[in-house]
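If you want the building blocks of each chain, they are given just below.
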Amino acid sequence: MSGPLGLVDALDDVARLEPLASYAEEMTRATERQLDDGVDVLEVTQTVAHANDVLTSRLLTLAEESLGSPPYAYAWLALGSHGRGEQVLSSDQDSALTYGGPRLAPGDPDEYFAALAAPVVDGLALAGIPRCTGGYMATEWCHHLDTLTGYFERWVNDPLPSALLKAEIFLDVRPVHGELDVSRLDEILVAGGRRGTFLKHMAAATVTFRPPVVLLGHVHTDHGWLDIKKSGTAAIVLLARLYALAAGTNARTTELRLRAAGAAGTLSADGVGRLVTAYRALTGLRLRHQIEQVRRGVPIDNRVRVGDLTAEERRALRDAIRTVRVMQEITANRYQTHTVT
């Protein structure tokens, strides 16, 4: 049995997770095969996220079998890139757990869900999905749905920069396992798109990841190195989220958000096309770079040596960076982000 999903199928006990030791290697192989077969790179990132969904769900099912029935219905929430359904090989764990509704079984919910989350986080780490260094994992973020709803309402209604910084990862939220209905969280975020103050603070966040300058056809680098995420993809994710919320859509992936914004008129057709092209190009560079790092046995990151890229890749990189800088400037002017304090 091969491939990452084959390894997931082999799991039969939450205390015996040895098959996951090869999960990251199998995921890398599957990703490389897809790219070599000409699969759209954005579809590849969705495939990675889907495999991680299946793994997470399997680990939760095994943990439930070990612990017994949960005291309340719950939902395991994917956040960040996993919440958007677009992950690369370096993506870390971003998750939360929420519960609510009528009591279903005896037991203390804090104790039960802590015991449920721990082996899942451990299992994902064993599978090569690193723990979030910021602590945004279900082992730390486990709340009753009423409490989590309160957090979302405060983030939207009182969007202080310090609060939004903490909330940013939660703005890409998606349930991957459990019976609890968490649609209220999406409703709060979509409603936020009708609030000018919230959108203005969101717009200010889009310019925090400022790409390097492109001068005379050359990209300004850090001694020849460039972080693809900080210099491009992170900004596009933020721009797509902003304009999608302004359009009143709860689309998940960056491409769907951009296209929904275009359809609603919150973003021009030209802007949509250029940002989608840029996101696809940068994500492709990022994935190929990470596959090569795995092949060489070095830690995965997002920093590429620009001089090692082909002429076509450098051209795509320059065009993508120019697009991001232009769209950030348009957004800053449109939302007057200089007035945000």
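Residues numbered from 1 in each chain as written. Predicted model: local features only at pLDDT ≥ 70, side-chain atom pairs only at ≥ 80, totals over all residues. Heavy atoms only, no water.

Participant: Go over the overall build of the chain with me, naming the residues and quoting the values.
Facilitator: Regarding its fold elements, the chain presents 13 helices and eight strands. Over its C-alpha trace the chain gives a radius of gyration of 20 Å, about what one expects of a compact globule, namely 20 Å for 341 residues. Based on the C-alpha atoms only, the size of the chain along its principal axes is roughly 65 × 50 × 35 Å. Within the chain, the fraction of its 341 residues that count as buried is 53%. For the chain, the share of sequence-separated contacts (at least 6 apart) that also reach a separation of at least 24 residues comes to 76%. Accessible surface computed for the chain: about 15,300 Å², of which carbon and sulfur atoms make up 51%. The average position of the 35 basic charges and that of the 42 acidic charges among the side chains of the chain differ by 9 Å. (Helix = DSSP H or I, 4+ residues; strand = E, 2+ residues; numbered from the N terminus. Rg over C-alpha atoms; globule rule 2.2 N^0.38 Å. Buried < 20%, exposed > 50% of the residue type's maximum accessible area, 1.4 Å probe, protein only. Contact = heavy atoms within 4.5 Å. Areas by Shrake-Rupley, 256 points an atom, 1.4 Å probe, with all protein chains shown as cover. Lys, Arg positive; Asp, Glu negative; His and termini not counted. Charge placed at Lys NZ, Arg CZ, Asp CG, Glu CD.)

Participant: Summarise the nonpolar core; cite the residues concerned and give the values.
Facilitator: Counting residues in each nonpolar core, the largest one holds 100 residues, and the members touching the most others are Y23, L55, W76, L77, F152, F170 and L317. It is helix α3 (residues 41-67) that contributes the most residues to this core, ten residues altogether. (Core = buried A, V, L, I, M, F, W, Y, C linked by side-chain atoms within 4.5 Å.)

Participant: Outline the side chain of T31, listing residues and values.
Facilitator: Relative to the helices and strands, T31 is located in helix α2 (residues 23-36). Side-chain polar atoms of T31 contact the backbone oxygen of M27, separated by 2.8 Å. (Polar contact = N/O pair within 3.5 Å; in protein donor to acceptor, adjacent residues only side chain to side chain.)

Participant: Quick one: what's the story with the environment of I300, residue by residue and with numbers?
Facilitator: Relative to the elements of secondary structure, I300 occurs in the loop between α12 (269-296) and β8 (303-305). In the structure, I300 is positioned 210 residues away from S90 in sequence and 5.9 Å away in space, judged by C-alpha atoms. The residues contacting I300, other than those within four sequence positions of it, are L89, S90, Q290, Q293 and V294.

Participant: Residue-level account of α3, with values.
Facilitator: An ideal rise of 1.5 Å per residue puts 39 Å on 27 residues; α3 measures up with 39 Å between its terminal C-alpha atoms. Where α3 begins, the capping side chain belongs to D40, and its oxygen is found 2.9 Å from the backbone nitrogen of L42. A positive backbone phi angle near 95 degrees is found at G68, which sits one or two residues after α3. (Expected span 1.5 Å × (residues − 1).)

Participant: Requested: an account of empty space enclosed by the protein, with residues and values cited.
Facilitator: One pass over the full model with this rule turns up two cavities of 30 Å³ or more. What the largest cavity holds in volume is close to 130 Å³. Looking at the largest cavity, it is lined by 14 residues, and the ones nearest its centre are L171, L189, L245, N250 and R257. Of all the elements in the fold, those that place two or more residues in the lining of the largest cavity are α8 (183-192) and α10 (229-246). Of the residues belonging to the lining of the largest cavity, the class tally is seven nonpolar, two polar and five charged. There is about 100 Å³ of room inside the second largest cavity. Secondary-structure elements contributing two or more residues to the lining of the second largest cavity are α3 and β1 (73-78). Looking at the lining of the second largest cavity, its residues break down into five nonpolar, six polar and two charged. (1 Å grid on protein atoms, 1.4 Å probe; cavity = no way out; pocket = protein on both sides within 12 Å on 5 of 7 lines; lining within 4 Å. Points joined across faces, edges and corners; volume = space filled by probe spheres on them. Nonpolar A, V, L, I, M, F, W, Y, C, P; charged D, E, K, R; others polar.)

Participant: Before we move on, could you go through the sheet that holds strand β3 (residues 142-144) and cite the residues and values that matter?
Facilitator: Here four strands make up an open sheet; going across it, the order is β3-β2-β1-β4 and the pairing mixed. Unpaired on one side and paired on the other, β3 and β4 (174-178) mark the two borders of the sheet. With direction set aside, neighbouring strand axes in the sheet form an average angle of 30 degrees. Pairing of β1 with strand β2 (residues 95-100), which is carried by six bridges, proceeds in the antiparallel orientation. Within the sheet, the bridge partner assigned to A73 lies in β2 and is G100. (Pairing = 2+ DSSP bridges. Axes fitted to C-alpha atoms, helices over the stretch in contact; angles between N-to-C directions.)

Participant: Describe the pattern of salt bridges, with residues and values.
Facilitator: Counted under the stated rule, the structure contains 25 salt bridges. Its salt-bridge partner being D53, residue R174 comes within 2.8 Å of it at the nearest N-O pair. On the criterion of sequence distance, the pair formed by R174 in strand β4 and D53 in helix α3 is long-range, its members being 121 residues apart. Note on D53: relative accessible area 15%, which makes it buried. Overlapping salt bridges, with partners in common, bring together R84, E86, E168, D172, R241 and R257 in one network. (Salt bridge = Lys/Arg side-chain N within 4 Å of Asp/Glu carboxyl O.)

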